[in-house]
Amino acid sequence: MKTAKICWSMGSLLINIVIGIFIYLMVTGPEGLAERFQFINDNWTIYSGHWRAEFLIMILVAIGAVYFALQYKSIGWTIVAIGQFIILWTYPLMLGGYRNTPFELASMANQMAIITFNFGNLMFFTGLFLMYLKSEVLQPWLRKVALICSAILTILFFIIVIDVLEWKDVLMLAPLVNIMYLVNAFYGLKLDADPQFKVVTS
């Protein structure tokens, strides 16, 4: 239990750093796809280092999510874990698909990475909403923050998944993701070893 709490909370804290780096890389790179791929390859050490670090951090979150899904037998935690596993596929696609590959292959890898990232996040935030809806671990005001943020992000990623908007069109809402992960980190530390500790599991 202690290891799972550390993995979940540490991963949730560290991911805020890489989110900031991701936004910086997004706004500083070229607009065109071909130019962006070339820019990524020209700065591969930076991009690959960032993605490898993010991959490892997301693995920490996944470890915690899987443990809590098994421990609490909660549909919310189960959906969180599934979403996190889908998100993890994003990183091999980028690391293996962007490096010195023809434009067509890089574009295909990019589309696959976008789809897995968006669907994974839709599942992840849906699971968080269901989990916080049933849980009484947090103080009421903080639980309301978690519910509002997870609900907004679920709707946002649903809109992105159905291809109405792209993530780059809503980067101004990225702070909601930061808030959500900070709440997740605090929530992980509050969980008790007893599976019945203020957690409704159905």
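Between helix H6 (residues 103-134) and helix H7 (residues 140-161), the shortest axis-to-axis distance is 8 Å and the interhelical angle comes to 150°. Between H6 and H7, the interaxial angle falls into the category roughly antiparallel. Considering only the axes of H6 and H7, their crossing is left-handed. Contacts between H6 and H7 involve Phe117, Asn118, Phe119, Asn121, Leu122, Phe125, Thr126, Leu128, Phe129, Tyr132, Leu133 and Lys134 on the former and, on the latter, Arg143, Ala146, Leu147, Ser150, Ala151, Leu153, Thr154, Phe157, Phe158, Ile160 and Val161. Looking at the contact of H6 with H7 residue by residue, the classes come out as 16 nonpolar, 5 polar and 2 charged.

Our focus in this paragraph is the packing of aromatic side chains. By the definition in use, this model includes 19 aromatic pairs. With a centroid separation of 6.1 Å and 35° between ring planes, the pair formed by Phe68 and Tyr72 is classed as tilted. In this pair, Phe68 and Tyr72 both sit in helix H3 (residues 44-72), 4 residues apart, roughly one turn of the helix. Comparing Phe68 with Tyr72, the two get one shared label, buried. Plain terms: the ring middles of Phe117 and Phe157 are 6.2 Å apart, the flat faces sit at 65° to each other, and that makes the pair edge-to-face. Here Phe117 is found in helix H6, whereas its partner Phe157 is found in helix H7, with 40 residues between them in sequence. Under the relative-accessibility criterion, Phe117 is labelled partly exposed at 21%. By the ring-pair criterion, three or more aromatic residues cluster together here, those being Trp8, Tyr67, Phe68, Tyr72, Trp77, Phe117, Phe124, Phe125, Tyr132, Phe157, Tyr181 and Tyr187.

Moving on to the packing of H6 against helix H8 (residues 174-190). One can describe the packing of H6 onto H8 by two numbers: an axis separation of 13 Å at closest approach and a directional angle of 50°. Considering their axes alone, H6 and H8 lie oblique with respect to each other. When the axes of H6 and H8 are compared, the crossing they make is left-handed. For the pair formed by H6 and H8, the contact residues are Phe124, Phe125, Leu128, Met131 and Tyr132 on the first element and Val177, Met180, Tyr181, Val183, Asn184 and Tyr187 on the second. Split by residue class, the contact of H6 with H8 holds 10 nonpolar, 1 polar and no charged.

A separate point is the confidence of the model for the chain. Looking at the chain as a whole, its pLDDT mean stands at 90, while 95% of the residues score no less than 70. Here residues 193-197 scores under 50 on pLDDT; set against residues more than four positions off or in separate chains, the count is 10 contacts.

Turning our attention to unusual backbone geometry. Its identity is not glycine, yet Asn100 carries a phi of approximately 50°, on the positive side. With respect to the helices and strands, the residue Asn100 is situated in the loop between helix H5 (90-97) and H6. Residue Asn100 is classed as exposed on the basis of its relative accessible area of 61%. The phi dihedral of Asp163 is positive, around 70°, even though this residue is not glycine. Along the chain, the position of Asp163 falls in the loop between H7 and H8.

Looking at the element boundaries, Thr154 is found in helix H7. What makes Thr154 buried here is its relative accessible area of 16%. Engagement of the side chain of Thr154 in a polar contact is seen with the backbone oxygen of Phe125, the distance being 3.2 Å.

Locating Gln84 in the fold gives a position in helix H4 (residues 75-88). Every residue in contact with Gln84, bar those within four places of it in the chain, is listed here: Met58, Val61, Ala62 and Phe124.

For the rest of this paragraph, the subject is the environment of Ala62. Topologically, Ala62 is positioned in helix H3. For the pair formed by Ala62 and Trp51, sequence separation is 11 residues and the distance between their alpha carbons is 16 Å.

Rules and cut-offs
- Residues numbered from 1 in each chain as written.
- Predicted model: local features only at pLDDT ≥ 70, side-chain atom pairs only at ≥ 80, totals over all residues.
- Heavy atoms only, no water.
- Axes fitted to C-alpha atoms, helices over the stretch in contact; angles between N-to-C directions.
- Helix = DSSP H or I, 4+ residues; strand = E, 2+ residues; numbered from the N terminus.
- Parallel < 35°, antiparallel > 145°, perpendicular 65-115°, else oblique.
- Left-handed = near helix turned anticlockwise from the far one by under 90°.
- Contact = heavy atoms within 4.5 Å.
- Nonpolar A, V, L, I, M, F, W, Y, C, P; charged D, E, K, R; others polar.
- Phe/Tyr/Trp six-rings, centres within 6.5 Å; stacked < 30°, edge-to-face > 60°.
- Buried < 20%, exposed > 50% of the residue type's maximum accessible area, 1.4 Å probe, protein only.
- pLDDT = per-residue confidence, 0-100.
- Polar contact = N/O pair within 3.5 Å; in protein donor to acceptor, adjacent residues only side chain to side chain.

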